[in-house]
Amino acid sequence: MMYDLLLLGSLIPDDKTGYKLQKIVGSSLQPMRKVSSGVLYPSLEKLEKEGLVTSRLHEEGRKMKLWHITEKGVDRFIELMKQKIPSDAKRNVTQHFKLRSLDSVTLPEQLRILEEFRGFIEEDLCFYQAAQADMEAHQKRFPERAERFHVLVEAYELDIQIAKAKLTWIKKQIADRK
């Protein structure tokens, strides 16, 4: 789902080469994470087999393939944008890309995506706060390891502050759309 969403969404504004898609998808993921050709091109070929994209040779100095999203591909992209995001390892990346593609869906769908994101971040915040409180309790119960627990308390504080910043941003985005 994640790569389909990323690739289809990247093609909505205009046709792109595989190289350009690789750069866009890579920048949509975590910093310094590259998307290999071994992942990109099989994904594009799968989308092409499903009739969601087409490709054509384009010569501008050298031969390259240009990828184009079909009407069926746009429909699939909108369907993916409407799907709830599973709570798995790819949740943050998928949510991040949905946020970057909000302009591709209706206002009610934008609000639903933002509310879903808010729910995830509120859950994360509760988890970080509980974990931090647990580490503070361990710090008192095990004074010989207090420094280790202090480091963990501080790391959770960073997670808490990031979650709070995300919530502030989300609330502003929701308010701006109402």
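These remarks concern the structure in this document. (Residues numbered from 1 in each chain as written. Predicted model: local features only at pLDDT ≥ 70, side-chain atom pairs only at ≥ 80, totals over all residues. Heavy atoms only, no water.)

## Comments concerning the pairing of strand 3 (residues 62-69)
Here strand 1 (residues 16-17) pairs with strand 3 via two bridges, running antiparallel. Counterpart to Thr-17 in the pairing with strand 3 is Leu-66. As judged from the eight bridges shared by strand 2 (residues 53-60) and strand 3, these two strands associate in the antiparallel manner. Looking at the pairing, Arg-56 lines up with Leu-66 of strand 3. Here strand 2 folds back onto strand 3, and the loop between the two strands holds one residue, one of which, Gly-61, carries a positive phi near 90°. (Pairing = 2+ DSSP bridges. Helix = DSSP H or I, 4+ residues; strand = E, 2+ residues; numbered from the N terminus.)

## Brief notes about the sheet that holds strand 2
With antiparallel pairing, the three strands of this open sheet are ordered in space as 1-3-2. Here the strands that pair on one side only, and so sit at the sheet edges, are strand 1 and strand 2. Docked against the sheet, helix 1 (residues 2-11) engages strand 1, strand 2 and strand 3, running at close to 100° with respect to strand 3. (Contact = heavy atoms within 4.5 Å. Axes fitted to C-alpha atoms, helices over the stretch in contact; angles between N-to-C directions.)

## Side note on the pattern of salt bridges
Counted according to the given criterion, the structure contains 10 salt bridges. For Asp-124, the salt bridge is made with Arg-91, and the minimal N-O distance between the two is 2.5 Å. With Asp-124 in helix 6 (residues 107-141) and Arg-91 in helix 5 (residues 91-100), the pair connects residues that are 33 residues apart, well separated along the chain. The buried category is assigned to Asp-124, whose relative accessible area is 16%. Here Glu-116 and Arg-112 are joined by a salt bridge, their closest N and O atoms 3.5 Å apart. Taken together, the residues Glu-116 and Arg-112, both in helix 6 and four residues apart, mark about one turn of the helix. With a relative accessible area of 22%, Arg-112 lands in the partly exposed category. (Salt bridge = Lys/Arg side-chain N within 4 Å of Asp/Glu carboxyl O. Buried < 20%, exposed > 50% of the residue type's maximum accessible area, 1.4 Å probe, protein only.)

## Digging into the side chain of Thr-17
Mapped onto the elements, Thr-17 comes out in strand 1. Here Lys-20 takes part through its backbone nitrogen, which lies 3.1 Å from a polar atom of the side chain of Thr-17. Setting aside anything within four residues of it in sequence, one finds Thr-17 in contact with Met-64, Lys-65, Leu-66 and Trp-67. (Polar contact = N/O pair within 3.5 Å; in protein donor to acceptor, adjacent residues only side chain to side chain.)

## With respect to the packing of helix 5 against helix 6
Following both chains from N to C, one finds helix 5 and helix 6 inclined at 145°, their axes separated by 10 Å at the closest point. Once helix 5 is placed against helix 6, the crossing between them reads as left-handed. Where helix 5 abuts helix 6, its residues Arg-91, Gln-95, Lys-98 and Leu-99 lie against Arg-112, Ile-113, Leu-114, Glu-116, Phe-117, Phe-120 and Asp-124. Tallied by class, the residues present in the contact of helix 5 with helix 6 amount to five nonpolar, one polar and five charged. (Left-handed = near helix turned anticlockwise from the far one by under 90°. Nonpolar A, V, L, I, M, F, W, Y, C, P; charged D, E, K, R; others polar.)

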